[in-house]
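Structural overview
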Amino acid sequence: MRREILRRFLCFIVAIVCAETGAYSASGQEPTPPPTRQGFVTTFAPVVEKVAPSVVTVFTTQTVSRGLTTFPFGDDTLRQFFGGQSPQRQGKQTLQGLGSGVIVSPDGYILTANHVVSGAEEIMVGLGIDLRKYKARKIGTDPGTDVALLKIDEKNLPAITFADSEKARAGDVVLAIGNPFGLRQTVTMGIISAVGRGGIGIVDYENFIQTDAAINMGNSGGALVDAAGRLLGINTAIFSRSGGNQGVGFAIPANLARDVMQSLREKGRVVRGYIGASVQPLTPELAEAMKLKGQLTGALVSEVTPKSPAEKAGIKTGDVITAVNGKKVSDARELRLMIGSMAPGTNVQLEVNREGQKKTFNVELAEMPAGVAEEGTEASTEESAQPEKATVFGGVAVADVTDEIRNALNLSKDVKGAVIAEIDAESSAAKAGLREGDVIQEVNKQPVKNAKDLVAISKRLKPNEKILIRVWSQGRSGFVALEPK
């Protein structure tokens, strides 16, 4: 009896899964369900036979040249100024890369992951089981989403059908198709583990589909498809402690990839809305330090670009953006996605929590500037006097930002404060995320011009009160909350 009850329960569950596989379709056509036997799916072979020809192999070649140079950033550079020698590298190397791609139009357009082709001098695409090779050219790339669009000169190619990834749900059955480790046309099966996954730190605009379908090296750029063979996402990354599959993989949603593809195809680049404010997550520690009790969600403004739409509208550092056009903002990631999906020139209404007071600002979006990294001035190899250091926060040695340090850390003239020269790994500052090379700009909203300022401010701090620090780190400003000593 128990065996019969279990069999009926399993049949019921599988019947639900089979019904859901046809729940969404970009084209509006009813998909052909996988073959079943007594309610059980017996094979996905027809789906794989339909989709596999749309998945290609991407080969890349890149030559890396290094002269005799010191590392321009980080702890090694700081040792030049605070004692010790920095390591040096030289040499030349040709790198061969391997990834996957998905044919999205019969006339040769192919979607892949940007990191698969980033920096490549030559790109070749292999089609079919016999791996017919074609030279590919980049139409455009978008590092912000890790999407790239390629083109080969070929006609009548088997283009994949897009699904509506907004309708994907945790628990849906999916197949991952790609070329892991160079093994062509490999298929793995799993489910969607989560949708809207972000905060991972892979790219700027994170809205990943998470899956437990096995994804390994070489799968990047390949297809994540539903049980009817429609494209749900472009496989891009895995979370792994071993370097191999551990059941946590990520794919760029098909809707996002398609929007990026259309922009790259029409303009050669992605045009996004821009407010000119750097934002970060509002943690409970930061909310407490900023005395924002009850404010659990939102995007904390850590920096406002001069002459930007945000500055013109009146947005300030320390503001917490809580809604856009009346739609609640959960965190910094969601704000980036919302603003980035809008066209330049759009007028938006931002709701802000400023020191406990609700305010509303009207902002006209500008166009997101092209992300061009400025070249840092090469640091002098001549010996110079070591800056005088002072200790604050119980384990943090700081010094003035000299011209040599500014050049070495590629700091603009606008960045003022005290640079962290040394830090105790066991200190509360280190545990909060501060590191050598960070520049402390404010403490409890009091500006820091140099190390002397910082020491003076630290002496006036209350012993049992959280410390709110604004710090320049890795090219941008952000807030950090320190526990009392």
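Residues numbered from 1 in each chain as written. Predicted model: local features only at pLDDT ≥ 70, side-chain atom pairs only at ≥ 80, totals over all residues. Heavy atoms only, no water.

The secondary structure content of the protein amounts to eleven helices and 29 strands. For the protein, the residues scored as buried account for 45% of the 485 residues in total. Considering only intrachain contacts with a sequence separation of at least 6, the fraction spanning at least 24 residues in the protein is 62%. Carbon and sulfur atoms make up 49% of the accessible area of the protein, which totals about 25200 Å². (Helix = DSSP H or I, 4+ residues; strand = E, 2+ residues; numbered from the N terminus. Buried < 20%, exposed > 50% of the residue type's maximum accessible area, 1.4 Å probe, protein only. Contact = heavy atoms within 4.5 Å. Areas by Shrake-Rupley, 256 points an atom, 1.4 Å probe, with all protein chains shown as cover.)

Among the nonpolar cores identified, the biggest contains 31 residues, and Leu-111, Ile-160 and Leu-231 are the most heavily contacted of them. Among the elements of the structure, helix 2 (45-51), strand 5 (109-113), strand 8 (147-151), strand 9 (173-178), strand 12 (223-226), strand 13 (231-238), strand 14 (249-253) and helix 5 (254-267) are those that each provide at least two residues to this core. When residues in this core are grouped by element, the largest group, five residues, is from helix 5. Setting aside residues no more than four positions away along its own chain, Leu-231 makes contact with Val-102, Ile-160, Thr-161, Phe-162, Ala-163, Ala-223, Leu-224, Val-225 and Ala-254. Residues Val-279, Val-301, Ala-310 and Met-338 belong to the second largest nonpolar core, which totals 22 residues. (Core = buried A, V, L, I, M, F, W, Y, C linked by side-chain atoms within 4.5 Å.)

Tracing the sequence through the fold places Thr-211 in strand 11 (residues 208-211). Engagement of the side chain of Thr-211 in a polar contact is seen with the backbone oxygen of Ile-191, the distance being 2.9 Å. In this structure, Thr-211 is in contact with Val-174, Ile-191, Ile-192, Ser-193, Leu-224, Gly-247, Val-248 and Gly-249, ignoring residues within four places of it in sequence. (Polar contact = N/O pair within 3.5 Å; in protein donor to acceptor, adjacent residues only side chain to side chain.)

This part is about helix 11 (residues 451-459). Within helix 11, burial applies to Ala-451, Leu-454, Ile-457 and Ser-458. Down the axis of helix 11, the sector holding all buried residues measures 125°, keeping them to one side. Turned more than 90 degrees from where helix 11 packs its buried face, Lys-452 and Lys-459 sit exposed. A side-chain oxygen of the first residue of helix 11 lies 3.2 Å from the backbone nitrogen of Lys-452; this N-cap is Asn-450. (Arc of directions from axis to C-beta.)

Turning to unusual backbone geometry, a few remarks are in order. Of note in this structure, Asp-146 is not a glycine but carries a positive phi near 65°. You can see Asp-146 is positioned in the loop between strand 7 (132-142) and strand 8. The residue Asn-444 is not glycine, and still its phi comes out positive at about 50°. Looking at the secondary structure, you find Asn-444 in the loop between strand 26 (439-443) and strand 27 (446-447).

It is worth spelling out the packing of aromatic side chains at this point. With the rule as written, the count across this model stands at one aromatic pair. Note on Phe-208 and Phe-250: the rings are 5.7 Å apart at their centroids and 45° apart in plane angle, and the pair reads as tilted. Here the residue Phe-208 occupies a position in strand 11, and Phe-250 occupies one in strand 14, the gap between them amounting to 42 residues. Here the two residues Phe-208 and Phe-250 agree in accessibility, since each one is buried. Cation over ring: Lys-151 sits above Tyr-109, and NZ or CZ is 5.4 Å from the ring centre. The side chain of Arg-272 reaches across the aromatic face of Tyr-205, ending 4.2 Å from its centre. (Phe/Tyr/Trp six-rings, centres within 6.5 Å; stacked < 30°, edge-to-face > 60°. Lys NZ or Arg CZ within 6 Å of the ring centre and 35° of its normal.)

Our focus in this paragraph is the sheet that holds strand 14. Read once around its circumference, the closed barrel built from six strands follows the order 9-10-11-14-13-12, with strand pairing classed as antiparallel. Averaged over all adjacent pairs, the angle separating strand axes in this sheet is 45°, with direction ignored. Alignment of strand 12 against strand 13, held across three bridges, turns out to be antiparallel. Across the sheet, Val-225 pairs through a bridge with Leu-231, a residue of strand 13. Where helix 5 meets the sheet, it contacts strand 13 and strand 14, and its direction lies at approximately 50° from that of strand 14. (Pairing = 2+ DSSP bridges. Axes fitted to C-alpha atoms, helices over the stretch in contact; angles between N-to-C directions.)

Here we take up a nonpolar patch on the surface. A surface patch of nonpolar side chains, about 370 Å² in accessible area, is lined by Phe-181, Leu-183 and Met-217. You can see Leu-183 is positioned in the loop between strand 9 and strand 10 (186-197). (Patch = residues over 30% accessible without salt bridge, like charges linked within 9 Å, V, L, I, M, F, W, Y side chains within 5 Å. Salt bridge = Lys/Arg side-chain N within 4 Å of Asp/Glu carboxyl O.)

Burial runs high along strand 28 (residues 467-473): seven of the seven residues are buried. Burial along strand 28 is two-sided: the residues Ile-467, Ile-469, Val-471 and Ser-473 and Leu-468, Arg-470 and Trp-472 are all buried. Bridge count between strand 28 and strand 29 (residues 476-482): seven bridges; the pairing is antiparallel. Paired with Arg-470 across the strands is Phe-479, a residue of strand 29. Counted between consecutive antiparallel strands, the loop separating strand 28 from strand 29 contains two residues, among which Gln-474 sits at a positive phi close to 55°.

So, on to the environment of Asp-172. Its place among the elements puts Asp-172 in the loop between strand 8 and strand 9. What makes Asp-172 buried here is its relative accessible area of 10%. When the C-alpha positions of Asp-172 and Ala-227 are compared, they lie 8.5 Å apart, and in sequence the two are 55 residues distant.

This paragraph deals with the environment of Glu-285. Structurally, the position occupied by Glu-285 is in helix 6 (residues 284-289). Note on Glu-285: relative accessible area 37%, which makes it partly exposed. Taking the C-alpha atoms as reference points, Glu-285 and Leu-482, 197 residues apart in sequence, are found 8.2 Å from one another. Not counting the four nearest positions on each side in its chain, Glu-285 is found in contact with Lys-466 and Ala-481.

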